[in-house]
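# Notes for the structure review
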Amino acid sequence: MKRYQASSSMLLVGILALCLPVVARADSSWVWISETRPYDVLPFVVVGTLLIETLGIWLIPRVKKPLKVFCVTCLGNVLSFAVPYVLCLFNPVYDFAQVMESHFYTVGVVFLVVTIAIEVPIEYYLLLKETDRPKALLCAVILCNVITTVAVAAVERTLCYGWWV
C-alpha cells in the first residue's frame, strides 16, 4: 500500500510541476510576432476537434447513435472550454477582460488536465448505454481528447508565436 502512495505522490508532484511552473518576468510583457492569435484559429480548431472526437468516439467503441455522439461531444467541449473562463469570472484576482485578451497560448498542460477532468466523465456516462464495449469507450474518449488537445497546442504554437520583451 505504501508503494502505491509513494508512486501516486511522485506522479502528483510531477503533474503539478508541469502545470504550475515557477516563472517570474518582472517588467516584461508578451508581444505577438505573428499576426495570427490563438483566438484567430479557434473556429478551425473547433471544427477539427469535433470531427476527430466524434469519429473516434463513434467508430472505436462502435457507439450506436452517431448524432448523439456528436451532440455529447459538443456539450463536453463547450463545458471544458467555458469552465476556466467562468471560474475566472468569480475569482477576484483575475480581471475577465485581461483573461480574454491573454497573451499566453490558450492550450497547454493545464488545459489538457481540465479537458480530461470535464469531458471524459460527461462523454463516458452519457454514451455508456449506447455501446457494448465500455472499456473501449473510455479509452476512445481519453485518447481522442488527448490527441485533439495536443494537435490544437501544436497548431497554436506553429501559427501563433511571440516573445517576452
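Residues numbered from 1 in each chain as written. Predicted model: local features only at pLDDT ≥ 70, side-chain atom pairs only at ≥ 80, totals over all residues. Heavy atoms only, no water.

Following the sequence through the fold, Thr148 ends up in helix α6 (residues 134-159). For Thr148, a relative accessible area of 3% gives the class buried. Polar contacts involving the side chain of Thr148 include one to the main-chain carbonyl oxygen of Cys144, which spans 2.9 Å. When residues no more than four places from it in sequence are discounted, the contact partners of Thr148 are Thr49, Ile52 and Glu53. (Helix = DSSP H or I, 4+ residues; strand = E, 2+ residues; numbered from the N terminus. Buried < 20%, exposed > 50% of the residue type's maximum accessible area, 1.4 Å probe, protein only. Polar contact = N/O pair within 3.5 Å; in protein donor to acceptor, adjacent residues only side chain to side chain. Contact = heavy atoms within 4.5 Å.)

Attention shifts here to the confidence of the model for the chain. Per-residue confidence for the chain averages 80 on the pLDDT scale, and 77% of its residues sit at or above 70. The secondary-structure element of the chain with the lowest mean pLDDT is helix α4 (residues 96-100), recorded at 54, while helix α2 (residues 42-59) shows the highest, at 91. (pLDDT = per-residue confidence, 0-100.)

Take the side chain of Asn145 next. Note that Asn145 resides in helix α6. Among residues more than four places away in sequence, those in contact with Asn145 are Glu53, Leu112, Thr115, Glu119, Val120 and Glu123.

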